[in-house]
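Secondary and tertiary structure notes
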Amino acid sequence: MNIIQCNDSKEVALLSYRIFKEQLIKKPNSTLGLATGSTPILLYNELIKGSQLNEISFKKVNIFNLDEYVGLNSEHKNSYAFFMKEYLLNFIEIEDNHFHIPNGTACDLIEECHRYNNLLSSTKIDLQLLGLGENGHIGFNEPNTSFESTTHLVELTENTRKNNSIYFKSINDIPTHAITMGISNIINATKILLLAIGENKAEAVYNLINGPIDVKFPGSILRNHPDVTIILDKEAATLINKVK
Ligand code: PGA
């Protein structure tokens, strides 16, 4: 694993942008796996700037998002489909049918998991972006999810719902379930880039790097992947630096 420590979140975004730029220059028709949450927002700003400056282009790119809340449609401001429009898609040139995300309002959610998983099986993600949950989740793969899991329906933990509550009016508005790519889908990517920002991620980052590879901490599986880069700000790196 390649671990890079930055001074602040801006530097995290600039370094990650470089990795995306390199990927898109090397392979303009790349398949990207993207994430939502507060962590990637500054990177998405850089991707928008880069495409406006014609340093990169999304015209031939396919995007697969990690996950979506159950019960929120793409017009709901808390859905991840909406997030992606608001923070990236509205500002880049990408074919409509090149953006993929699970449909959290599908009538048959299990069938929707199969549909998304089949799409993922028919492609190979060249570069997968990940955040990291305080409890070690990647995507919405909560602790004790099988490392062999494919796209599935998940019940969100209280910890995850609490951490995401800042985006909702009340805790009761936060969906209880989501559809997420499974851990095997994530691990199948050729290259993985995980970002962590802030002191609240320090313990998770420590466990990811130093803890056992165990389903209790889903992110630990990344240690078995041949091409993972982790970019951290100073705060997220606090505990790994203490043990040096
Ligand atoms: P965050 O979420 O980017 O909002 O911190 C990351 C995650 O929970 O995977």
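What comes next concerns the included structure. (Residues numbered from 1 in each chain as written. Predicted model: local features only at pLDDT ≥ 70, side-chain atom pairs only at ≥ 80, totals over all residues. Heavy atoms only, no water.)

**Side note on the packing of helix H1 (residues 9–26) against helix H2 (residues 41–52)**
Rules: The axes used here are C-alpha line fits, helices contributing only the stretch in contact, and every angle between their N-to-C directions lies in the interval 0 to 180 degrees. Under the scheme used here, helices are H or I runs from DSSP no shorter than 4 residues and strands are E runs no shorter than 2 residues, and both carry numbers assigned from the N terminus. These descriptions rest on fixed angle ranges, namely under 35 degrees for roughly parallel, over 145 for roughly antiparallel, 65 to 115 for roughly perpendicular, and the rest for oblique. Crossings are classed by handedness, with left-handed meaning an anticlockwise turn of the near helix from the far one by less than a right angle and right-handed meaning a clockwise turn. Between two residues, a contact is recorded if the distance between any of their heavy atoms is within 4.5 Å. Charged means Asp, Glu, Lys or Arg here, nonpolar means Ala, Val, Leu, Ile, Met, Phe, Trp, Tyr, Cys or Pro, and polar covers whatever is left, Gly included.
In contact at an axis separation of 8 Å, H1 and H2 are set at 50° when each is read in the N-to-C sense. Judged by the inter-axis angle, H1 sits oblique to H2. For H1 against H2, the interelement crossing comes out right-handed. Residues Ser9, Lys10, Ala13, Leu14, Ser16, Tyr17 and Phe20 of H1 form the contact with H2, whose participating residues are Leu42, Leu43, Glu46, Leu47, Lys49 and Gly50. When its residues are assigned to classes, the contact of H1 with H2 shows seven nonpolar, three polar and three charged.

**Re the sheet that holds strand S3 (residues 62–65)**
The condition that has to hold: If DSSP finds at least two bridges between two strands, the strands pair.
Strands sit in the order S1-S10-S9-S6-S2-S3-S5 across an open sheet of seven strands; the sheet is parallel. A strand with exactly one partner marks an edge of an open sheet, and here the two such strands are strand S1 (2–5) and strand S5 (99–100). Running over the sheet, helix H4 (residues 109–121) touches S3 and S5 and is turned about 140° from S3.

**What to know about the site of the ligand**
Going by this rule: Consider each residue's heavy atoms; a residue with any of them within 4 Å of a molecule or strand counts as near. Nitrogen and oxygen atoms within 3.5 Å of one another constitute a polar contact, given that in protein one can donate a hydrogen and the other can accept it, and given that sequence-neighbouring residues count only through two side-chain atoms.
Around the ligand, the neighbouring residues are Gly37, Ser38, Thr39, Gly131, Leu132, Gly133, His137 and Lys201. In this structure, an oxygen atom belonging to the ligand sits 3.0 Å away from a main-chain N or O atom of serine 38. Within the side chain of threonine 39, one N or O atom sits 2.4 Å away from an oxygen atom of the ligand. A breakdown of the residues in the shell around the ligand according to their chemical character gives one nonpolar, six polar and one charged.

**Focus on H4**
Stated formally: An expected span of 1.5 Å times one less than the residue number is assigned to each helix. Think of it in three bands: residues with accessible area under 20% of the maximum for their type are buried, residues over 50% are exposed, and the middle band is partly exposed, with areas taken using a 1.4 Å probe on protein chains only. The directions considered for the arc are those from the helix axis to the C-beta atoms.
Its 13 residues place the ends of H4 18 Å apart at the C-alpha level, agreeing with the 18 Å of an ideal helix rising 1.5 Å per residue. Regarding H4, the residues found buried are Glu112, Cys113, Tyr116, Asn117 and Leu120. The buried side chains of H4 occupy one side of the element, clustering within an arc of 130° when seen end-on. Turned more than 90 degrees away from the buried face of H4 sit Asn118 and Ser121, all of them exposed. Residues of H4 that are buried in the fold lie against S3, S5, strand S7 (152–155), strand S8 (177–180) and helix H6 (183–187). Where H4 starts, the residue carrying a side-chain oxygen 3.2 Å from the main-chain nitrogen of isoleucine 110 turns out to be aspartate 108.

**Thoughts on the pattern of salt bridges**
Using the following cut-off: What counts as a salt bridge is simple: a side-chain nitrogen of Lys or Arg found within 4 Å of a carboxyl oxygen of Asp or Glu.
Across all of its chains, the model carries nine salt bridges by this definition. Close ionic contact of lysine 49 with glutamate 46 constitutes a salt bridge, the shortest N to O distance being 3.1 Å. Taken together, the residues lysine 49 and glutamate 46, both in helix H2 and three residues apart, mark about one turn of the helix. Lysine 49 gets classed as partly exposed once you look at its relative accessible area, which sits at 41%. According to the relative accessible area criterion, glutamate 46 is buried, its value standing at 7%.

**Some details on a negative patch on the surface**
Our working definition: The patch calculation keeps residues exceeding 30% relative accessible area without a salt bridge and links them within 9 Å when they carry like charges or within 5 Å when they are nonpolar (Val, Leu, Ile, Met, Phe, Trp, Tyr). For accessible areas, the Shrake-Rupley method is used with a probe of radius 1.4 Å. Any residue's cover is judged against the shown protein chains and nothing else. Asp and Glu count as negative and Lys and Arg as positive, but His and the ends of the chain are not part of the count. Just so you know, the charge point we use is NZ for Lys, CZ for Arg, CG for Asp and CD for Glu.
A cluster of acidic residues, Asp8, Glu11, Glu199 and Glu235, forms a negative patch at the surface. Within the secondary structure, glutamate 11 sits in helix H1. A relative accessible area of 30% places glutamate 11 in the partly exposed class.

**A word on the packing of aromatic side chains**
The cut-off we apply is this: We call Phe, Tyr and Trp rings a pair once their centres come within 6.5 Å, taking the six-membered ring for Trp, and we label the pair stacked below 30 degrees between planes, edge-to-face above 60, and tilted otherwise.
Tallied over the full model, the rule gives six aromatic pairs. Taking 6.0 Å as the distance between ring centres and 25° as the angle between the ring planes, the aromatic pair formed by tyrosine 80 and phenylalanine 140 counts as stacked. Residue tyrosine 80 is found in helix H3 (residues 80–87), and its partner phenylalanine 140 is found in the loop between strand S6 (127–130) and S7; the two are separated by 60 residues along the sequence. For the pair tyrosine 80 and phenylalanine 140, one class covers both residues: buried. Ring-pair connections join several aromatic residues into one group, and the members of that group are Tyr69, Tyr80, Phe140 and Phe168.

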